[in-house]
Amino acid sequence: MSQKTILTGIRPTGNLHLGHLFGAVGNWVALQNDYETFIEIADVQALTDHFDDPEMVKENVWELALDLLAIGIDPKKANLFIQSSLSEIAELTVFYSNLVTMARLYRNPTVKTEIAQKKALFGNEGESVTYGFVGYPVSQAADITALDGDLVPVGEDQLPLIEQCREIVRKFNHIYGETLKEPEPLLSNTPRIKGLDGQAKMGKSLGNAIYLCDSEEVVQKKIMGAITDPSKIKKDDQANPDICMVYYYHKLIKNPNLKTVCEECKKGKRGCVACKKELIMRMNEFLKDFREKRKYYEEHPQEVKEILEEGTKQAKEKAKKTLRRVKDALKIDYFEEKC
Ligand code: TRP
Ligand code: SF4
């Protein structure tokens with residue numbers, strides 16, 4: 001088949017928010033039309049950080065599946081699968097582990113940042129950084145190569161992980177002969193979405209996100225608390241929309257009335273409360289399709305289960321072939337039938 005393959009993944013540790021929708025995850029919805037697409041719910045990877053809370057991970061596998069289907073991941077076009085159901089990935093991880101030094105893992109910028117965060121949180125690095133955690137780039141390389149991914153559509157923070165995967169592939173092919181496909185990252189050109197509080201990143205741990213599954217009431221509460229131009233006190237004070245998060249979100253969801261919002265704000269002809277109310281109305285309108293679709297899937301759990309089962313089955317078939325190639329290259333062919 002000449003069509004290229006996309007493999008990407010996301011950890012099931014929380015619901016999708018606007019940052020996801022306008023970032024890499026939203027991009028997947030467009031890409032599924034042009035590529036053979038595999039989207040992995042990375043529960044094994046989530047456990048590297050949350051091994052003490054498997055219930056949370058399980059709950060979020062389901063939540064994430066609902067969110068992904070509701071944003072428009074189409075099971076007819078994309079294979080949505082659960083990482084832990086592909087034991088092939090775990091086997092590949094073991095084989096790749098020999099090709100990566102500890103020093104190289106510690107140098108990985110994404111891992112480095114995460115270790116620094118853990119250190120800040122727990123103090124003693126040695127006690128909080130597990131073998132599984134430091135090794136997750138190896139397991140991610142197994143995710144990508146198991147599905148023969150040509151392209152990996154991700155956010156910028158994931159680039160060091162793709163680079164590490166490429167290194168593993170090159171080393172494997174060099175030592176054992178041409179076996180694995182070397183993937184390339186595919187960045188979307190959307191910049192990072194800011195949080196309601198004006199912080200550079202919208203994120204779960206920062207508590208500044210609008211989740212796609214937030215109810216109308218929750219959206220209302222969050223927007224009412226958003227940061228505006230702090231110099232504007234009274235309704236008719238002139239203000240600067242460019243430093244206002246409410247304006248930022250008007251812009252983000254493409255309010256057709258944007259010019260008016262901007263002009264009225266600058267001229268002091270618009271109160272912040274009214275401006276927020278308009279945003280609440282438009283944001284709820286913006287989320288309407290998502291909510292309807294999500295409700296549909298929530299009410300049809302059997303259908304969601306079947307989608308996951310089928311996606312996982314397709315992924316497993318491909319991963320089996322990769323593992324067979326890898327084992328052949330490693331001369332591990334004692335009993336199995338060769339395919
Ligand atoms: N590391 C990614 C994240 O934290 C999730 C992920 C797991 C992934 N496996 C992947 C991304 C494979 C791309 C390809 O969001
Ligand atoms: Fe922000 Fe609107 Fe207030 Fe201007 S009027 S500061 S855009 S909330």
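These numbers were taken from a predicted model, which means no experiment stands behind them. (Residues numbered from 1 in each chain as written. Chains lettered and ligands numbered in written order. Predicted model: local features only at pLDDT ≥ 70, side-chain atom pairs only at ≥ 80, totals over all residues. Heavy atoms only, no water.)

Colleague: Whenever I open this one, the site of ligand 1 confuses me. Can you help?
Modeller: Neighbouring ligand 1 are 14 residues; Glu40, Gln45, Gln140, Asp143 and Gln158 lie closest to it. The side chain of Glu40 places a nitrogen or oxygen atom 3.2 Å from a nitrogen atom of ligand 1. Residue Gln140 places a side-chain N or O atom 2.8 Å away from a nitrogen atom belonging to ligand 1. With the chains in place, 89% of the 370 Å² that ligand 1 exposes on its own is no longer accessible. Among the elements of the structure, strand S1 (5-10), helix H10 (136-146) and strand S4 (151-154) are those that each provide at least two residues to the shell around ligand 1. Examining the composition of the shell around ligand 1, we find that four residues originate from one element, S1, more than from any other. (Near = heavy atom within 4 Å. Polar contact = N/O pair within 3.5 Å; in protein donor to acceptor, adjacent residues only side chain to side chain. Areas by Shrake-Rupley, 256 points an atom, 1.4 Å probe, with all protein chains shown as cover. Helix = DSSP H or I, 4+ residues; strand = E, 2+ residues; numbered from the N terminus.)

Colleague: How should the pattern of salt bridges be read in this particular structure?
Modeller: Opposite charge on two side chains permits pairing when their charged atoms draw close. One pass over the structure, following the stated rule, counts 24 salt bridges. In this structure, Arg294 engages Glu63 in a salt bridge whose closest nitrogen and oxygen atoms are separated by 2.7 Å. Here Arg294 is found in helix H16 (residues 288-299), whereas its partner Glu63 is found in helix H4 (residues 54-71), with 231 residues between them in sequence. Glu91 is paired through a salt bridge with Lys327; the nearest N and O atoms lie 3.1 Å apart. (Salt bridge = Lys/Arg side-chain N within 4 Å of Asp/Glu carboxyl O.)

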